[in-house]
Amino acid sequence: MTCQQVYTPDSEDLITQIATPDGPSWAFAHHTTDGDQGHLVEQEGPRRLWDELEKLHEQWTLLGSPSLERFGLTIDRDSPPVLWLDHPESGHVWPSGDPQVAQPPST
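In this text the structure is predicted, and so the values were computed from the model without any measurement.

A. Highlighting the sheet that holds strand S4 (residues 39-44). Spatially, the four strands line up as an open sheet ordered S1-S2-S3-S4, and their pairing is antiparallel. Because the sheet does not close on itself, it has two edges, and the strands there are strand S1 (2-8) and S4. Across the sheet, the mean angle separating the axes of adjacent strands is 15° when strand polarity is ignored. Contacts from helix H1 (residues 49-62) reach strand S2 (13-19), strand S3 (26-31) and S4 within the one sheet, and its direction differs from that of S4 by about 125°.

Rendered as structure tokens:
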């Protein structure tokens with residue numbers, strides 16, 4: 001998935017664009033600067049990319065909003081890449097391309 005943010009100087013709004021590099025799925029979110037906390041989202045294609053992004057954000061929040069330094073990536077010649085939090089055996093691991101929401105850590 002690719003993502004970019006575009007600032008429109010004439011309106012001072014921000015547009016977030018996400019798309020799959022290998023297919024027809026895409027999403028645009030138009031964030032306004034008029035004080036409204038909402039955004040208008042359009043998405044199309046077999047993957048609902050904005051929905052996936054919202055699930056990932058929810059998961060990140062449930063995990064305590066960990067900093068980037070706490071994430072790692074294992075790449076092995078014989079299996080797909082795996083993203084993990086804190087260490088590979090932490091229980092918080094995500095195979096490449098898996099947008100499933102993990103359970104929050106037990107306290």
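After that view of the structure, there is still more to cover.
B. Expanded view of the side chain of Thr-16. Structurally, Thr-16 is set in strand S2. Here His-31 takes part through its side chain, which lies 2.9 Å from a polar atom of the side chain of Thr-16. Apart from residues no more than four positions distant in its own chain, Thr-16 is found in contact with Cys-3, Gln-4, Gln-5, Ala-27, Phe-28, Ala-29, His-31 and Trp-50.

C. Broad picture of the environment of Val-6. Positionally, Val-6 belongs in strand S1. Between the alpha carbons of Val-6 and His-30 there is a distance of 9.6 Å; along the sequence they are 24 residues apart. The contacts of Val-6, once residues within four sequence positions are left out, are Asp-13, Leu-14, Ile-15 and Gln-17.

D. Quick look at the sheet that holds strand S6 (residues 79-85). One open sheet holds the three strands; their spatial order is S5-S6-S7, and the pairing between them is antiparallel. With one partner strand each, in any of the chains shown, strand S5 (71-76) and strand S7 (93-95) form the two edges of the open sheet. The sheet shows a mean angle of 20° between the axes of neighbouring strands, taken without regard to direction. Here S6 runs beside S7; their pairing, made up of three bridges, is antiparallel. Bridge pairing in S7 links Leu-83 to Trp-94.

E. Quick peek at H1. With 14 residues, H1 ought to run about 20 Å at 1.5 Å a step, and its terminal C-alpha atoms sit 20 Å apart, in line with that. Among all positions in H1, only Leu-49, Trp-50, Glu-52 and Gln-59 are buried. Buried residues along H1 sit in contact with S2, S3, S4 and S7.

F. Region of the structure containing the nonpolar core. Counting five residues, the largest nonpolar core is built from Ile-18, Ala-27, Ala-29, Leu-49 and Trp-50. When contributions to this core are tallied by element, the ones reaching two or more residues are S3 and H1. Those residues within four positions of Ala-29 in sequence are excluded, and the remaining contacts are Leu-14, Ile-15, Thr-16, Leu-40, Val-41 and Trp-50.

G. Summary view of the pattern of salt bridges. Summed over the entire model, instances satisfying the criterion amount to two salt bridges. For Arg-47, the salt bridge identified is with Glu-52, shortest N-O distance 2.6 Å. The partly exposed category is assigned to Arg-47, whose relative accessible area is 33%.

Conventions adopted
- Residues numbered from 1 in each chain as written.
- Predicted model: local features only at pLDDT ≥ 70, side-chain atom pairs only at ≥ 80, totals over all residues.
- Heavy atoms only, no water.
- Pairing = 2+ DSSP bridges.
- Helix = DSSP H or I, 4+ residues; strand = E, 2+ residues; numbered from the N terminus.
- Axes fitted to C-alpha atoms, helices over the stretch in contact; angles between N-to-C directions.
- Contact = heavy atoms within 4.5 Å.
- Polar contact = N/O pair within 3.5 Å; in protein donor to acceptor, adjacent residues only side chain to side chain.
- Expected span 1.5 Å × (residues − 1).
- Buried < 20%, exposed > 50% of the residue type's maximum accessible area, 1.4 Å probe, protein only.
- Core = buried A, V, L, I, M, F, W, Y, C linked by side-chain atoms within 4.5 Å.
- Salt bridge = Lys/Arg side-chain N within 4 Å of Asp/Glu carboxyl O.

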